[in-house]
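As a plain string of letters, each chain reads:
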Amino acid sequence: MDLLHQYSDGQNNDDPDSPIQNPNSPESSPPRLLPGRSGAPQVDDTMLALTVATSNEKTLSKPIDPTHHAVGFNPTYDQLWAPIQGPSHPYAKDGIAQGMRNHKLGFVEDAAIEPFLFDEQYNTFHKFGYAADPSASTGYNYVGDFDALHKNNAISVYNIPKHEQKKRKIELKKKKEEDEEEGENDNDGDNEDGCEIENPASEVWLVKNKKSPWAGKKEGLQGELTEEQKKYAEEYAKKKGEEKSGFGGDKGEVVKDKSTFHGKEERDYQGRSWIAPPKDAKASNDHCYIPKRLVHTWSGHTKGVSAIRFFPKSGHLILSASMDTKVKIWDVFNSGKCMRTYMGHSKAVRDICFSNDGTKFLSAGYDKNIKYWDTETGQVISTFATGKIPYVVKLNPDEDKQNVLLAGMSDKKIVQWDMNTGQITQEYDQHLGAVNTITFVDNNRRFVTSSDDKSLRVWEFGIPVVIKYISEPHMHSMPSISLHPNANWLAAQSLDNQILIYSTREKFQLNKKKRFAGHIVAGYACQVNFSPDGRFVMSGDGEGKCWFWDWKSCKVFRTLKCHEGVCIGSVWHPLEQSKVATCGWDGLIKYWD
């Protein structure tokens with residue numbers, strides 16, 4: 001009751017030390033509690049209203065710190081934009097305190113304006129000296145030179161009157177005729193047509209918007225080309241013409257096609273050519289053996305050898321492609337010397353491919369050219385190019401389709417040429433990366449391609465539609481694929497250091513029971529091959545070794561240290577059952593028995 005008594009007598013309490021303060025003061029005490037009918041304390045309504053009002057006044061008067069990112073109450077618009085309390089900043093301009101600035105000149109608000117409208121007002125101000133006021137919410141308020149505004153009737157650079165357009169067009173045409181009569185154009189700072197432009201933006205708008213887009217052909221706008229422009233146009237037309245005729249514009253150094261014969265005579269006393277196979281060239285039996293020792297080394301290339309191919313059926317010659325831009329053919333059966341050098345590429349040679357009879361072969365180089373050579377004479381029969389680098393070239397193995405050339409290009413396409421006419425007859429464009437291999441299967445009715453997109457695709461020959469697409473998350477790129485002698489299996493060199501086997505039947509499924517591993521080929525397109533009887537699988541690796549696996553057991557049979565550096569290619573002799581040729585980036589070709 002003492003507490004209640006104090007509250008009830010709080011109005012007359014003048015003791016400064018008393019905790020109960022005058023209710024009229026700004027900092028009022030809590031509301032008085034009065035005894036009700038039930039004896040329970042009650043709140044005085046007048047006192048409660050006064051307390052709420054004073055607390056609201058405190059909140060309204062509470063300053064808002066502009067540097068804070070959160071406000072603990074719901075402020076009004078007047079509170080948000082009220083002047084900041086306290087002394088003003090001594091260097092503040094226009095009454096804006098430093099905390100409110102987001103620009104060195106004050107506070108800048110974001111505004112949405114179309115780029116065209118901004119350019120219009122910007123160029124108008126720089127040409128005429130006036131522009132529309134962007135801060136005006138309604139109507140057209142202008143800033144700048146008002147005399148020029150009235151003189152020009154408030155037009156902008158993009159809103160030229162019709163009479164002005166007609167006048168400029170007449171002046172443009174007259175000036176053009178004068179320039180044609182004089183025969184020279186030496187107007188510094190003028191446009192191509194010799195007409196001085198006061199404002200480039202307005203002239204561009206005039207040229208582009210003189211007629212609507214569907215108004216037909218524009219006349220009087222195309223002037224004569226300058227000497228520099230004519231020169232550029234001629235070079236561009238020449239480049240386009242080269243690309244259409246089959247030569248890439250970025251072909252690099254042009255090399256004249258030539259060939260050098262290194263043998264004693266091109267024909268013997270009976271008139272037989274030097275490429276003719278020996279009469280007694282045939283296999284003694286069908287059983288192959290793993291080679292053990294080095295028999296011969298061919299060294300003539302000055303850089304690494306990228307591919308080797310035995311002469312078809314007989315194997316008495318071996319063709320090699322090198323990074324020194326040359327292709328050489330070597331004697332295997334007799335002297336073991338270089339017989340002929342073919343020089344026609346300006347950059348490294350990537351791939352080579354014999355025709356079925358061996359009298360002709362293809363070479364693909366990084367100079368973006370594919371050349372079709374006569375093996376005996378060394379003449380270039382024809383050259384093909386699309387302006388892209390060919391990574392693999394193949395002739396259709398059918399005897400009646402030896403004129404059909406397939407090339408896997410760096411631009412994800414497989415391009416098919418008819419070499420008789422020189423025309424591109426088909427493009428197979430489904431891959432997502434450079435095409436690395438082309439392998440014919442199913443009696444040459446289909447072919448399988450691999451690419452840097454880590455997929456295998458099966459195509460019907462002549463139809464640019466994928467009939468089988470093989471791509472799994474665990475698959476790696478397969479830069480080399482070889483067909484088993486029984487034509488039922490494909491061996492694919494995978495860049496995760498293993499050789500995978502796929503069937504060539506309808507489903508082209510992965511044979512999970514056959515997997516050849518142990519070698520290190522990650523990052524190198526080492527060629528994989530089979531022995532002629534199909535009993536052995538062989539491949540080079542990145543450490544210069546040649547690996548031999550047993551086809552049935554998938555176990556490593558033997559490894560040979562063949563080259564210093566990468567052993568990129570290995571081929572089995574078609575007739576000699578135990579002889580293998582290897583090539584490497586050390587520039588050597590080695591023959592093993």
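The structure displayed is predicted, hence computed values, not measured ones.

**Q** What exactly am I supposed to notice about a nonpolar patch on the surface here?
**A** Taken together, the side chains of I113, F116, L117, F118 and Y122 make up a nonpolar region of the molecular surface, amounting to roughly 510 Å² of accessible area. Mapped onto the secondary structure, F118 falls in helix α4 (residues 115-128).

**Q** Help me out: how do you make sense of a negative patch on the surface in this one?
**A** Taken together, the side chains of E177, E178, E180, E181 and E182 present a region of like negative charge at the surface. Here E177 lies in helix α6 (residues 162-182). Note on E177: relative accessible area 42%, which makes it partly exposed.

**Q** Quick question: what am I supposed to make of the environment of H287 here?
**A** Residue placement: H287 occurs in the loop between β5 (258-261) and β6 (294-299). On the accessibility criterion, H287 (35% relative accessible area) is partly exposed. Sequence separation between H287 and G534 is 247 residues, and the spatial gap between their C-alpha atoms is 9.5 Å. Beyond its immediate stretch of four places on either side in the chain, H287 contacts D533, R535 and Q577. In this structure the side chain of H287 is engaged in a polar contact, spanning 3.1 Å, whose partner is the side chain of R535.

**Q** When you look at α4 in this model, what are you seeing that I'm missing?
**A** One turn of an α-helix holds 3.6 residues; hence residues three or four places apart share an orientation. Across its 14 residues, α4 extends 20 Å between first and last C-alpha, which sits within 8% of the 20 Å expected from 1.5 Å per residue. For α4, the complete set of buried residues consists of E120, N123, T124 and F128. Summarising the axial view, the buried residues of α4 lie within an arc of 105°, below the 170-degree limit, and thus occupy one face. Away from the buried face of α4 by more than 90 degrees, exposed residues P115 and H126 are located.

**Q** I would appreciate a short explanation of unusual backbone geometry in the present structure.
**A** Note on backbone geometry: most residues besides glycine have negative phi, and most peptide bonds are trans. The phi angle at N497 is positive, at roughly 65°, despite the residue not being glycine. Structurally, N497 is set in the loop between β24 (489-494) and β25 (498-503). Residue F508 is not a glycine yet carries a positive backbone phi of 50°. Locating F508 in the fold gives a position in the loop between β25 and β26 (510-517).

**Q** Can you help me understand the sheet that holds strand β22 (residues 463-470) in this one?
**A** Sheets are built from strands paired through backbone hydrogen bonds, the pairs being either parallel or antiparallel. Pairing is antiparallel across the open sheet formed by 4 strands, whose spatial order is β19-β20-β21-β22. The strands lining the two open edges of the sheet, one partner per strand, are β19 (435-441) and β22. The average undirected angle you get between the axes of adjacent strands in this sheet is 30°.

**Q** Would you take a moment to explain the packing of aromatic side chains for this structure?
**A** The geometry of two aromatic rings is summed up by the distance between their centres and the angle between their planes. The final tally for this structure, using the stated rule, is 26 aromatic pairs. An angle of 40° between the planes, with centres 5.7 Å apart, marks the rings of W298 and Y591 as tilted. You can see W298 sitting in strand β6 and its partner Y591 sitting in strand β33 (residues 588-592), a full 293 residues away along the chain. A single burial state applies to W298 and to Y591, both of which are buried. Residues F536 and W572 carry aromatic rings whose centres are separated by 6.2 Å and whose planes lie at 5° to one another, so their mutual orientation is stacked. Linking F536 in strand β28 (residues 536-540) with W572 in strand β31 (residues 567-572), this pair joins segments that are 36 residues apart in sequence. In this structure, F536 and W572 share a single accessibility class: buried. One aromatic cluster in this structure is built from F311, Y342, F354, F361 and W373. Across the ring face of W489, the terminal group of R505 is positioned such that the distance to the ring centre comes to 5.8 Å.

Here is what the cut-offs are and how they apply
- Residues numbered from 1 in each chain as written.
- Predicted model: local features only at pLDDT ≥ 70, side-chain atom pairs only at ≥ 80, totals over all residues.
- Heavy atoms only, no water.
- Patch = residues over 30% accessible without salt bridge, like charges linked within 9 Å, V, L, I, M, F, W, Y side chains within 5 Å.
- Areas by Shrake-Rupley, 256 points an atom, 1.4 Å probe, with all protein chains shown as cover.
- Salt bridge = Lys/Arg side-chain N within 4 Å of Asp/Glu carboxyl O.
- Helix = DSSP H or I, 4+ residues; strand = E, 2+ residues; numbered from the N terminus.
- Lys, Arg positive; Asp, Glu negative; His and termini not counted.
- Charge placed at Lys NZ, Arg CZ, Asp CG, Glu CD.
- Buried < 20%, exposed > 50% of the residue type's maximum accessible area, 1.4 Å probe, protein only.
- Contact = heavy atoms within 4.5 Å.
- Polar contact = N/O pair within 3.5 Å; in protein donor to acceptor, adjacent residues only side chain to side chain.
- Expected span 1.5 Å × (residues − 1).
- Arc of directions from axis to C-beta.
- Pairing = 2+ DSSP bridges.
- Axes fitted to C-alpha atoms, helices over the stretch in contact; angles between N-to-C directions.
- Phe/Tyr/Trp six-rings, centres within 6.5 Å; stacked < 30°, edge-to-face > 60°.
- Lys NZ or Arg CZ within 6 Å of the ring centre and 35° of its normal.

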